[in-house]
Amino acid sequence: MPLDIDRYSHLSSPLQRWDPRLKIAALGIFIICIALLKTLPIAITALIIAAVILSFSNLPGHFVSHGMSGVVIFLLPFFLIMPFTYPGESKIYILGLPFAWEGFRIALLIFTKAVAIVLCSFSIFGSSRFDVSMIALQRLKCPKIMTQMLLFTYRYTYTFLEEMKRMHTSMSVRGFIPRTNAYTLGTYGNFVGTLLVRSFERTERIYKAMLSKGYQGEFHSLVTFRANHNDWIKFLFIITAGTVLLVMDSRGTFAQAAQGWY
Amino acid sequence: MHISDGVLNAPVLVAGFAGTAVLAAATLRKMDLEEIPKVSVITAVFFVASLIKFPVGPTSIHLILNGLVGVVLGWRAFPAILLGLILQAILFGHGGVSVIGVNAIMLGGGALIAYMVWQLRHYVNISKKEIVFGALAGAAGVACSGIVLAVALLTTGEAFLGTVYYVLAVHIPIIIIEAAVVGSSAGFLNRVKPEILAGRVIKSPASS
């Protein structure tokens, strides 16, 4: 499981060198633009742009594709459900079920937009260290309490993942095999409870340790941000691309007909 | 369980973010310094625990546990779930950046409802009420999430009607599983470390 999205943030590329504040702002706006698209050709254009942006980052293909597999699995049911449940008459029947092209178009649109957005979020968070991204978010006026909590949670996710693996090992050593029955459910309940109790006790130790090191509700960082001309050019380029796509989309460029519901 | 990018339309996404901002501001009020590490660390536990898979026939489903978040963190469950979703969107690379708002309402709203259900236990007097109300809270958390998801899909377009039936049908086994796991967890925590559970005393301190 690729939990560490920033595994390849040390690589050098136009994306990694981009000031994280401007990167988050520009690609964040671009993501919003993609989410608002309504026509398939424009969505495909957005997908191509997102792929080109990501290709600048030099992130290895297997790393990206691993993340994508989750999206694809999540979205596949739409291809099975939407075309067959779209309201209205249809002329095509597959296995006795009415197949509506409009439903298929919607499923394809959803899929394209989702993949494009995921590619963009890889570009944002795959190309900077996680803590740097969080500090950049804080500079972008994201509430301090949120970024702090995100950093904490991020840090301890790994600790508890290890803890959970240990507990799992000890359970299987004692002969526990998960099955579809009430016993498994009860055991999992106790498992989660134990994990909570352990971590709760740990939190208290962590908090005391932090207090003794002078924690007063703030994280100090040595990271400094500096935006140069190139950073701004990239920013403007992405923003323009997003805006042009949105305008073309709402004007119905390339769209054959007005789409009724969407 | 969460909705993916690209499905919902703009008004629903915007409503999701707006509602999340309001709920986050309301539930983050009067947060002590001490609570910041505590809520975040417990969020990490839930994040990890939601990776547990329960086998159902040939497949398996993930635990959601938003009901248990409500039972443990009370009102702070909302920011905790919001955090979990942001991390999930960032870390897994499975997307979800544009739908963080809607998902937070869906799962976090369910957690708040679960907390309310959990608090009702103070008004009844039965044996093992922590298990019973834990189970009810677990069921309520997932059921509310399912309803919010259905509403979000239907507001986006009537074309999703078929999908909504599918989603609601899928929720029935999830509700049963969550109820069992959360009930057993709540009972366990009540025996082992009752101070973790949220809202222990509201009215009659003598009875507990």
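Here's what I pulled together on the structure shown here.

Rules and cut-offs
Residues numbered from 1 in each chain as written. Chains lettered and ligands numbered in written order. Predicted model: local features only at pLDDT ≥ 70, side-chain atom pairs only at ≥ 80, totals over all residues. Heavy atoms only, no water. Patch = residues over 30% accessible without salt bridge, like charges linked within 9 Å, V, L, I, M, F, W, Y side chains within 5 Å. Areas by Shrake-Rupley, 256 points an atom, 1.4 Å probe, with all protein chains shown as cover. Salt bridge = Lys/Arg side-chain N within 4 Å of Asp/Glu carboxyl O. Helix = DSSP H or I, 4+ residues; strand = E, 2+ residues; numbered from the N terminus. Buried < 20%, exposed > 50% of the residue type's maximum accessible area, 1.4 Å probe, protein only. Contact = heavy atoms within 4.5 Å. Core = buried A, V, L, I, M, F, W, Y, C linked by side-chain atoms within 4.5 Å. Domains from an automatic or database assignment.

### Describing a nonpolar patch on the surface
Then, number 1: Side chains of Leu120(B), Tyr123(B), Val124(B), Ile126(B), Val132(B) and Leu136(B) sit close together on the surface and give an oily, nonpolar patch of about 520 Å² of accessible area.
Then, number 2: Relative to the elements of secondary structure, Tyr123(B) occurs in the loop between helix H5 (100-119) and helix H6 (129-156).

### Details of the side chain of Gln148(A)
Then, number 1: Counting through the fold element by element, Gln148(A) comes out in helix H7 (residues 144-173).
Then, number 2: Overall, Gln148(A) belongs to the buried group, its relative accessible area being 3%.
Then, number 3: Aside from chain neighbours lying at most four places away, what touches Gln148(A) is Tyr215(A), Gly217(A), Glu218(A), Phe219(A) and Ile36(B).

### Re the nonpolar core
Then, number 1: Judged by nonpolar contacts, the single largest core of 152 residues is most densely connected at Leu8(B), Leu65(B), Leu68(B), Val72(B) and Leu153(B).
Then, number 2: It is helix H5 (residues 101-125) of chain A that contributes the most residues to this core, 14 residues altogether.
Then, number 3: Each of domain 1 (20-140 + 225-250) and domain 2 (144-212) of chain A gives at least three residues to this core.
Then, number 4: In this structure, Leu68(B) is in contact with Val192(A), Leu196(A), Phe46(B), Val182(B) and Ser185(B), ignoring residues within four places of it in sequence.

### With respect to the pattern of salt bridges
Residue and element names in this part refer to chain A.
Then, number 1: Summed over all chains, the structure comprises 11 salt bridges over all chains.
Then, number 2: Between Lys165 and Glu162 there is a salt bridge; the shortest N-O distance is 3.7 Å. In this pair, Lys165 and Glu162 both sit in helix H7, 3 residues apart, roughly one turn of the helix.
Then, number 3: Judged by relative accessible area, Lys165 falls into the partly exposed class, the value being 49%.
Then, number 4: With a closest N to O distance of 2.7 Å, Glu163 and Arg198 form a salt bridge. A residue pair is termed long-range when its members are at least 10 positions apart, and Glu163 in helix H7 and Arg198 in helix H8 (residues 182-212) qualify at 35 residues.

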